[in-house]
Amino acid sequence: GVVVIMDARHPLTPLDEQLLHFLGDVPLLVLLSKADKLTRKEQAAVLQTVGTAVRGKARLFSSVTRQGVDECRSLLEQWLESSPRSAGR
């Protein structure tokens with residue numbers, strides 16, 4: 001899988017869209033960073049917009065307030081536990 005970090009204030013730039021197209025069908029987690037800089041209403045709107053635009057999971061994230069940190073950690077752990085390499089351990 002791939003984790004893509006986008007600024008929540010400026011998501012889905014042309015470069016972001018080019019990267020998402022290039023990645024194809026790999027499992028995808030989009031972290032919308034700097035979520036603490038947005039109001040709750042703006043957070044909900046950007047999450048809705050990005051969530052419908054990508055074929056993966058989109059999550060709000062802030063290293064300042066730790067919003068989304070535990071949820072993202074859990075998602076990544078699930079990816080690692082379900083990967084073919086971890087099955088042989």
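Everything that follows concerns the structure shown earlier in this document.
In this text the structure is predicted, and so the values were computed from the model without any measurement. (Residues numbered from 1 in each chain as written. Predicted model: local features only at pLDDT ≥ 70, side-chain atom pairs only at ≥ 80, totals over all residues. Heavy atoms only, no water.)

S.K.: Mind showing me how you'd approach the overall build of the protein chain here?
M.R.: In terms of regular secondary structure, the protein chain is built from 4 helices and 3 strands. When the elements of the protein chain are put in sequence order from the N terminus, they spell out β-α-β-α-β-α-α. In terms of its C-alpha atoms, the protein chain occupies a principal-axis envelope of roughly 45 × 30 × 15 Å. Here the protein chain, with 89 residues, has 30% of them falling under the buried criterion. Here the protein chain displays about 6,100 Å² of accessible surface, and carbon together with sulfur accounts for 55% of that area. (Helix = DSSP H or I, 4+ residues; strand = E, 2+ residues; numbered from the N terminus. Buried < 20%, exposed > 50% of the residue type's maximum accessible area, 1.4 Å probe, protein only. Areas by Shrake-Rupley, 256 points an atom, 1.4 Å probe, with all protein chains shown as cover.)

S.K.: In this structure, what is going on with a nonpolar patch on the surface? I would like to understand it.
M.R.: On the surface, Val3, Ile5 and Leu76 cluster together into a nonpolar patch covering about 240 Å² of accessible area. Considering the arrangement of structural elements, one finds Val3 in strand E1 (residues 2-7). What makes Val3 partly exposed here is its relative accessible area of 35%. (Patch = residues over 30% accessible without salt bridge, like charges linked within 9 Å, V, L, I, M, F, W, Y side chains within 5 Å. Salt bridge = Lys/Arg side-chain N within 4 Å of Asp/Glu carboxyl O.)

S.K.: I would appreciate a short explanation of the nonpolar core in the present structure.
M.R.: Nonpolar side chains in soluble globular proteins generally cluster together in the buried interior. The biggest cluster of nonpolar side chains holds 16 residues, and the ones touching the most others in it are Met6, Leu20, Leu28, Val30, Leu32, Val50 and Val54. Of all the elements in the fold, those that place two or more residues in this core are E1, helix H1 (14-23), strand E2 (28-33), helix H2 (40-53) and strand E3 (57-60). It is E2 that provides the largest number of residues to this core, a total of 3 residues. In contact with Val54, other than residues within four places in its own chain, are Leu12, Leu20, Leu28 and Val30. (Core = buried A, V, L, I, M, F, W, Y, C linked by side-chain atoms within 4.5 Å. Contact = heavy atoms within 4.5 Å.)

S.K.: Explanation requested: the pairing of E1 in the structure shown.
M.R.: Side-chain positions along a regular strand alternate between the two faces of the sheet. Here E1 runs beside E2; their pairing, made up of 6 bridges, is parallel. The residue of E2 that forms the bridge with Val2 is Leu28. In this view, the connection linking E1 to its parallel neighbour E2 by way of H1 has right-handed handedness. (Pairing = 2+ DSSP bridges. Right-handed = clockwise from strand over helix to strand, strands pointing away.)

S.K.: How should H2 be read in this particular structure?
M.R.: Working note: α-helix, 3.6 residues per turn, so residues spaced by three or four point in the same direction. In this model H2 runs 20 Å from its N-terminal to its C-terminal C-alpha over 14 residues, within 8% of the 20 Å that 1.5 Å per residue would give. For H2, every residue scored as buried is listed here: Gln43, Val46 and Val50. In an axial view of H2, the angular spread of the buried residues amounts to 75°, which keeps them on one side of the axis. Facing away from the buried side of H2 by over 90 degrees, the exposed positions are Arg40, Lys41, Gln48 and Thr52. Turning to H2, the residues buried within the fold contact E2 and E3. (Expected span 1.5 Å × (residues − 1). Arc of directions from axis to C-beta.)

S.K.: I'm lost on the side chain of Asp16 in this one. Help?
M.R.: Locating Asp16 in the fold gives a position in helix H1. Arg9 provides the closest opposite charge to the buried, unpaired Asp16, separated from it by 12 Å. Apart from the residues lying within four places of it in its own chain, the contact partners of Asp16 are Met6, His10 and Pro11. (Lys, Arg positive; Asp, Glu negative; His and termini not counted.)

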